[in-house]
Amino acid sequence: MNAKLIFGIAKSLLLARLGQTLVAAVGVTFSIAMFITLLSFMNGLNDLLDGLILNRTPHVRLYNEIKPSEDQPINSAAAFKDSYNFISSIKSGISRQEIYNSGPILQAVKNDPRVLGATPKVTTQVFFNEGTIDITGVINGVDVEEEMRLFKFRDYVTAGNAINAKNVANSIILGKGLADILAADIGDVVQVTTVQGERFPLKVVGYFQSGIQEIDKVQSYASIVTAQKLMGKPANYITDIQVKLYDLAMAPAVAQEYRQKFNIDAEDIQTANSQFETGSNVRSIISYAVGITLLIVAGFGIFNILNMMIYEKMDSIAILKATGFSGRDVNSVFLVIALSIGFFGGMVGLLFGFIFSVIIDNIPFVTAALPTVKTYPVNYSPIFYFIGGFFSLITTYFAGFFPARKASRVDPVEIIRGK
Amino acid sequence: MQDTILEARHIVKEFHDPVTVQVLTDITFKITKGEFVSVIGKSGCGKSTLLYILSTMDTDYKGELLIDQELMTGRSDVELARIRNEKIGFVFQFHYLLNEFSVIRNVMLPGLKLGRYSEQEVEHRALEKLKMLGIDHLATKEAYRISGGEKQRVAIARALINDPHIVMGDEPTGNLDTKNSEMVFEIFHELADVHNQTLLIVTHDQGFAERSGRIIEMEDGRIIRH
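Residues take numbers from 1 onward in each chain, read along the sequence in its written order. Each chain gets a letter, beginning with A, and each ligand a number, beginning with 1, in the order they are written. Only residues with pLDDT of at least 70 are given local features in this predicted model, and only at 80 or more are side-chain atom pairs given and counted; all residues enter the totals for whole chains, interfaces and linings.

Peer 1: For this particular structure, what's the right way to read the overall build of chain A?
Peer 2: For helices the rule is a DSSP run of H or I covering at least 4 residues; for strands it is a run of E covering at least 2, with both sets numbered from the N terminus onward. A tally of helices and strands in chain A yields 17 helices and 10 strands. Seen through its C-alpha atoms, chain A measures out along the principal axes to roughly 105 × 65 × 35 Å. It is the C-beta atoms, placed from the backbone, that decide contacts: two residues are in contact if theirs lie within 7 Å. Relative to all contacts within chain A whose residues are 6 or more apart in sequence, the contacts with residues 24 or more apart total 79%.

Peer 1: For this particular structure, what's the right way to read the UniProt feature "transmembrane region" (unreviewed entry) in chain A?
Peer 2: UniProt positions are given in the numbering used here, feature names are shortened, and annotations may be inferred rather than shown by experiment. Under the feature "transmembrane region" (unreviewed entry), the UniProt entry names residues 21–42, 285–311, 332–360 and 380–402 of chain A. Helix makes up 100% of residues 21–42 of chain A and strand 0%, whereas the separation of the span's terminal C-alpha atoms amounts to 31 Å.

Peer 1: What exactly am I supposed to notice about the pairing of strand S2 (residues 21–32) of chain B here?
Peer 2: The side chains of a regular strand alternate between both faces of the sheet. Residues and elements named next belong to chain B. Strand pairing is assigned whenever DSSP identifies at least 2 bridges connecting the two strands. Relative to S2, strand S1 (residues 4–15) runs antiparallel, the two being bridged by eight bridges. Looking at the pairing, Ile11 lines up with Ile27 of S2. Where S1 hands over to S2, the hairpin turn is made up of five residues, counted between the paired strands.

Peer 1: How do you make sense of the sheet that holds S1(B) when you look at a structure like this?
Peer 2: Two modes of strand pairing occur in sheets, parallel and antiparallel, and in both the strands are linked by backbone hydrogen bonds. Residues and elements named next belong to chain B. One open sheet holds the four strands; their spatial order is S2-S1-S4-S5, and the pairing between them is antiparallel. Looking along the sheet, the strands with just one partner apiece sit at the ends: S2 and strand S5 (70–71). Both strand S4 (residues 62–67) and S5 contribute to a ladder of two bridges, which runs antiparallel. Bridging across to S5, Ile67 finds its partner in Glu70. Geometry is summarised by axes, namely lines fitted to C-alpha atoms with helices restricted to the contacting stretch, and by angles between N-to-C directions that run from 0 to 180 degrees. In this fold helix H1 (residues 47–54) packs onto S1, S2 and S4, with an angle of close to 125° to the strand it touches most, S1.

Peer 1: Even after reading the chapter, I still don't get the domain arrangement of chain A, so can you show me in this structure?
Peer 2: In many reports, interface size means the accessible area that the parts give up when they come together. Either an automatic procedure or a domain database provided the assignment from which the domain bounds are taken. Each assigned domain of chain A is listed here: domain 1 (2–54 + 276–418) and domain 2 (60–68 + 94–272). Between the C-alpha centres of domain 1 of chain A and domain 2 of chain A there is a distance of 51 Å.

Peer 1: Hey, could you run me through the nonpolar core in this one?
Peer 2: Across soluble globular proteins, nonpolar side chains show a tendency to be buried alongside one another. All names here are of chain A. Only buried Ala, Val, Leu, Ile, Met, Phe, Trp, Tyr and Cys residues enter a nonpolar core, and they are joined through C-beta atoms within 7 Å. With C-beta atoms placed from the backbone, the exposure class of a residue follows from how many other C-beta atoms lie within 10 Å of its own: 20 or more, buried; 12 or fewer, exposed; in between, partly exposed. The biggest cluster of nonpolar side chains holds 119 residues, and the ones touching the most others in it are Leu306 and Phe334. For this core, the element with the most residues is helix H2 (residues 18–54), which contributes 11 residues. The residues contacting Phe334, other than those within four sequence positions of it, are Leu306, Ile310, Gly400, Pro403, Ala404 and Ala407. Within the second largest apolar cluster, 48 residues are counted, among which are Val157, Ala179, Ala222 and Ala227.

Peer 1: What am I meant to see in the interface of chain B and chain A here?
Peer 2: Opposite the 23 residues of chain B that make contact, chain A presents 23 residues. The set of elements that each furnish at least two residues to the side of chain B that touches chain A consists of H1, helix H2 (77–87) and helix H3 (103–114) of chain B. Among the elements that take part in the side of chain B that touches chain A, H2(B) stands out by supplying six residues, more than any other.

Peer 1: Please clarify how H2(B) should be interpreted in this entry.
Peer 2: Because each turn of an α-helix spans 3.6 residues, side chains separated by three or four positions end up pointing in the same direction. For H2(B), the full list of buried residues reads Leu80(B), Ala81(B), Arg84(B), Asn85(B) and Lys87(B). Where H2(B) is buried, its residues touch helix H14 (314–322) of chain A together with S4, strand S6 (88–91), H3 and strand S7 (166–170) of chain B.

Peer 1: Got a minute to help me understand helix H1 (residues 2–16) of chain A in this structure?
Peer 2: Between the first and last residue of a helix there are one fewer steps than residues, each counted as 1.5 Å, and that sum is the expected span. In this model, H1(A) (15 residues) spans 21 Å end to end at C-alpha, consistent with the 21 Å of a helix rising 1.5 Å per residue. Those residues of H1(A) not exposed but buried are Leu5(A), Ile6(A), Ile9(A), Leu13(A) and Leu14(A). Buried residues along H1(A) sit against H2 and helix H15 (327–361) of chain A together with H3 of chain B.

Right under this line is the structure:
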């Protein structure tokens, strides 16, 4: 009964000054809408930029690094066991880039429940022959189907069909930059010279564009079988195993585990691309800071309007107290006023924020560097809406807190005697 | 058998700002049920101050105040608010109606706050009070659209909504012309005679006071006649 009455009084006071109420609510609406739009857009951009690298990068990469052996023979010699052995000019031995025992490792990784998928890869340096000029390049031999499933390979193949790399024998997908240099159209045959010195004709079946020019000028893709043939290696020759996990955050732990388990080099995505994480975090912090600043400004607007309302309503507060409303009741009335401004203003703000996001999402954004992006990116995560709604209530509560307390302390005797 | 509704025991009130001034000195009196009491005195004699202490709104005094034979002194803000709501009705010089509400809603507010009856019952009772005061035709009008005399009658109806033990008035006719003053006085008289309502009215209108049942006269913070 009491709550209903307090809501009733708050509603009447609000509606009596509809203009003021609307101004206050519009302030909240505006800031919440901006908050949502800003965060959605900023995070959309973050996702896009991260995706440029992160989509293409395995969460854990297993490989054999070419490096000098840590166990030099002298350290094993019994005679020098207790000595410090200084060895200068150590060179890497005849170590192979190939992953030893690749088949069982791949199978073991695929069976790990944390792993979304694992795909083998062969990387080799080649020369592309363009007339008399040799252009250095890299051919990545990949399992095309798995590459499409795990690393969105298809999104980056802007011309031609990705799966043709598997279906057409001796075929290659060239980086767009590389294709321009070679003046190679789809269907043309390019000549490559392998490190071993053999020449090989490969048919171009597509262009691939990662969004990063430097990569597109050097990289090209072929099926793993083609790459192995190119190098004159058997089918079990694999230089990398790319692992994609269900949970990105587990990558360092998994890499550590595999390093010990398989006696192999393992690199996790966080180590390989730490700068992207930092960039995303900074952008998020900036957008939250701007959004919350907007809300605080709106909060001061509400604070002012409630303060004015209390001065105007001194008589009403006095008579309410004289006829039996306690300070707490009056306090509740003004808090309800503040919170309803926050609630309704915030709700409309969320709606407008969504509409603005949709508008941004439909603005064309075409850039050669980003083949898959046609419009500005927007992230519609419901978390932003929760945070926005929550903050609209919190700020209006604090904006209403002091005016409400002031109202609850109005001394009716002073007001009534003053007349 | 006369029940004591209100009793003041040795009430002393001082103002401390800017210098300590004693405004009420050793006020002691009783009001029994059904009495129509008016408090008179010259301006500044402390009669309004006394009324605000008796109404429990002013708690800064020495001495004891009993309403309905219960001690009011030293109670919390929430308790006092509830007692004012239930047992005391107010009529001020100014009507203090809430402009945001209709006439009937203004009358209903203290009743809704008390919560003794359902909303329909409170509305029904409010309408009865308005009818008793002859202004039931104004019930649905906005509070700021009615005349001064009508406003004061609505304020009386509001004071009566919870069937208070005592109705207190601070110059209830002070702002009204003769005709309306007369009407308000008639209402008070009827309340006292017909409905056995206890009334405590502060006034400086000698004629008004003389026609009431009992006069308490004050001078310089003391009661000189009661």
